[in-house]
Each structure stands twice: as structure tokens, then as C-alpha cells.
Amino acid sequence: MDNFRDKYRNRRYIAHASILGTTQLHKRNPISIACWSMAFPGFGHLLLNKYLRGYALILWEFFINQKIHLNLAIVHTFNGQFQAAREVLDPKFLLLYIPVYLFAIYDSYRTAVDLNKVYLLAKREKGRFNEFSIGALEINYLDKRKPWVALVWSMGIPSLGQLYLHRIVLATFILVSTIFIAWYSNIMLAIHDLILGDVRGSSSVLDKQWLLYFPSFYFFTLYDAYTNTIENNKLFDDAQKQFLLENYQPAGHLITIGEK
């Protein structure tokens with residue numbers, strides 16, 4: 001929501017609901033954001049709702065990781081095969097990885113600190129924001145949802161928790177990424193063989209380079225869906241409280257908690 005285009009003309013807004021999802025400001029732990037960027041560059045920015053920057057960093061991570069075979073080198077290192085890890089790495093692109101990786105951690109931490117300050121200012125300003133959006137393709141509105149439901153759906157298929165929260169673009173990106181990871185890693189075929197009791201066959205069909213992407217993506221979708229459902233509920237409560245205060249509180253009388 002652009003403040004120079006909105007009819008309310010506030011400097012800052014705490015949230016905005018569009019047909020593609022709800023974007024909001026809330027307090028975040030910068031260290032947690034930085035840790036998610038360490039796990040996978042771009043995840044910290046997605047948690048901050050900096051989607052374009054987050055998508056760019058994630059796509060870069062896919063590209064450069066495949067070029068230098070970093071995941072495969074990590075697998076060899078965990079198995080104690082240090083010589084194999086050195087041989088599999090491609091030095092032509094290795095030095096391109098480190099600066100962007102460090103930037104993702106630094107920028108997500110710095111942005112989290114800044115957005116926490118902006119959140120406090122926006123909350124003090126109490127600017128009205130769009131709570132309902134309807135278009136030719138979609139309807140989005142603030143509503144209370146259950147965090148455990150978002151968590152369970154994300155456990156089933158990554159992206160369903162985000163879709164439950166009506167975060168259409170992020171859900172689509174996560175779903176497409178999950179399909180690519182599952183396709184190239186052969187994880188579904190490995191699970192099928194494992195269910196049939198063929199442990200050796202299950203291990204042999206796995207592509208370790210692609211498989212190592214899956215844990216980060218899977219647990220990120222769980223964390224993101226659960227925490228954002230909680231924050232979405234808080235946003236709904238704040239909006240409802242402000243509406244009641246503005247429209248139903250008697251003039252000149254301040255209702256406090258516990259007053260009858």
C-alpha cells in the first residue's frame with residue numbers, strides 16, 4: 001500500500017490485505033531471521049515479507065549450489081570423505097558463493113532490526129489499512145485461523161499451510177520448488193522402496209545433491225506457516241479492537257480492561 005496513493009494518507013501502515021495475500025509488520029527476532037538465512041539464503045527475507053529479494057536469493061542459491069556441487073561436498077564431509085569433498089567442488093564458481101551467502105545473513109538481520117523500528121512507529125501511528133480485498137479472481141480478508149491446522153497441512157505438503165493463510169504467491173513458489181526438489185532427488189521413489197522394505201534400493205535411487213535441499217525447505221514451511229498464523233490472528237484482534245474503540249466507545253469515556 002503506497003501512502004501517497006491511499007486515501008488515509010498515513011506515513012506508515014502496519015499491514016495490507018490484497019487478493020494475493022496479507023502483508024504485515026510485526027516484531028521479529030533478528031537472530032532467528034539470520035539463522036534462517038544461514039540455513040538457506042532467502043528464507044530470512046521471506047519471513048520479513050521481502051519476497052522479491054527472498055526469491056532472488058533462493059534462485060541464486062539453487063543455481064550456484066548446483067554449479068559447485070556444494071550439497072554433495074557436504075554429504076561427503078559428513079561421511080568423513082574429505083578428499084572426495086574437495087574433488088567434487090568446482091573452484092570456478094566457489095568464490096561467487098561466499099559473498100552472496102554472507103550478504104543474505106547480514107541483510108536479513110539488518111532489515112529485521114529496521115522493520116522492528118518501523119513496526120513500533122506504525123503501531124503508534126495507528127494508520128487504517130485495507131482489511132478486505134475482492135477482485136475478479138480472488139477474495140482476501142482478515143480472519144482468525146488455527147496455527148496447528150496450518151502446521152498440519154504444511155507437514156502434509158509444503159505450501160499448503162501458506163495457502164491456508166491465503167499467501168498465494170509464496171505458496172506457489174514453495175510448491176513449484178518442492179516439486180523440483182522431489183523430482184530430481186527421487187525422494188518419493190526412495191520412500192516407496194523403503195515402505196516395501198528395500199532399504200538398499202531406497203538409498204541407491206536418491207540424488208544426494210538435490211536431497212539436501214529438502215530438509216531446509218520442509219522445516220521452513222512448517223515454521224513460516226505456524227508463526228504467520230499466530231501473527232495473522234494478532235493482527236485481526238488489533239484491527240477488531242481498533243474498530244470497536246472508534247465506533248462503539250462512548251465519547252469522553254475510556255473503557256479499560258476489567259471495567260463493568
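Before going into details, it helps to say that this report is about the structure given with it. (Residues numbered from 1 in each chain as written. Predicted model: local features only at pLDDT ≥ 70, side-chain atom pairs only at ≥ 80, totals over all residues. Heavy atoms only, no water.)

All right, on to the overall build of the chain then. For the chain, the helix and strand inventory stands at 13 helices and 4 strands. By the burial criterion, 41% of the 260 residues in the chain qualify as buried. Across the chain, the fraction of contacts at a sequence separation of at least 24, relative to all contacts at a separation of at least 6, is 68%. (Helix = DSSP H or I, 4+ residues; strand = E, 2+ residues; numbered from the N terminus. Buried < 20%, exposed > 50% of the residue type's maximum accessible area, 1.4 Å probe, protein only. Contact = heavy atoms within 4.5 Å.)

Relative to the helices and strands, Pro215 is located in helix α13 (residues 213–248). Judged by its relative accessible area of 39%, Pro215 is partly exposed. Measuring from C-alpha to C-alpha, the distance between Pro215 and Ala39 comes to 9.7 Å, with 176 residues separating the pair along the chain.

Moving on: the packing of aromatic side chains. Under the definition given, this model contains 21 aromatic pairs. Feature note: the residues Trp36, Phe40, Phe43, Phe62, Phe180, Tyr184, Trp210, Tyr213, Phe217, Phe220 and Tyr223 constitute an aromatic cluster, connected by ring pairs. (Phe/Tyr/Trp six-rings, centres within 6.5 Å; stacked < 30°, edge-to-face > 60°.)

Turning to the pairing of strand β1 (residues 15–18), a few remarks are in order. On β1, burial follows the alternation: Ala15 and Ala17 on one face are buried, whereas His16 and Ser18 on the facing-out side are not. Looking at chain direction, β1 and strand β2 (residues 21–24) are connected through 4 bridges and run antiparallel. Among the inter-strand pairings, Ala17 is bridged to a residue of β2, identified as Thr22. Where β1 folds back on β2, the antiparallel hairpin that results is connected by 2 residues. (Pairing = 2+ DSSP bridges.)

This next bit is on helix α6 (residues 91–125). The end-to-end C-alpha separation of α6 is 52 Å, in line with the 51 Å expected for 35 residues at 1.5 Å each. Looking at the buried positions of α6, the neighbouring elements they touch are α1 (30–39), α2 (43–47), α3 (51–68) and α4 (70–78). The opening residue of α6, the one whose side-chain oxygen lies 3.1 Å from the backbone nitrogen of Lys92, is Asp90. Backbone geometry just after α6 places Lys126 at a positive phi near 55°. (Expected span 1.5 Å × (residues − 1). Polar contact = N/O pair within 3.5 Å; in protein donor to acceptor, adjacent residues only side chain to side chain.)

Within the element layout of this structure, Asp107 appears in helix α6. Only 2.6 Å separates the side chain of Asp107 from the side chain of Arg53, close enough to count as a polar contact. Sequence-distant contacts of Asp107, that is, excluding residues within four places in its chain, are made with His45 and Arg53.

This part is about the packing of α3 against helix α9 (residues 168–185). Between α3 and α9, the least distance of the axes is 12 Å, while the angle of their chain directions is 5°. Taken together, the axis directions place α3 and α9 in an arrangement best described as roughly parallel. Here α3 contributes Tyr51, Tyr55, Ile58, Leu59 and Phe62 to the contact with α9, which in turn contributes Val169, Leu170, Phe173, Ser177 and Ile181. Per-class residue counts for the contact of α3 with α9 are 9 nonpolar, 1 polar and no charged. (Axes fitted to C-alpha atoms, helices over the stretch in contact; angles between N-to-C directions. Parallel < 35°, antiparallel > 145°, perpendicular 65-115°, else oblique. Nonpolar A, V, L, I, M, F, W, Y, C, P; charged D, E, K, R; others polar.)

Read these as spatial facts, not as claims about activity.
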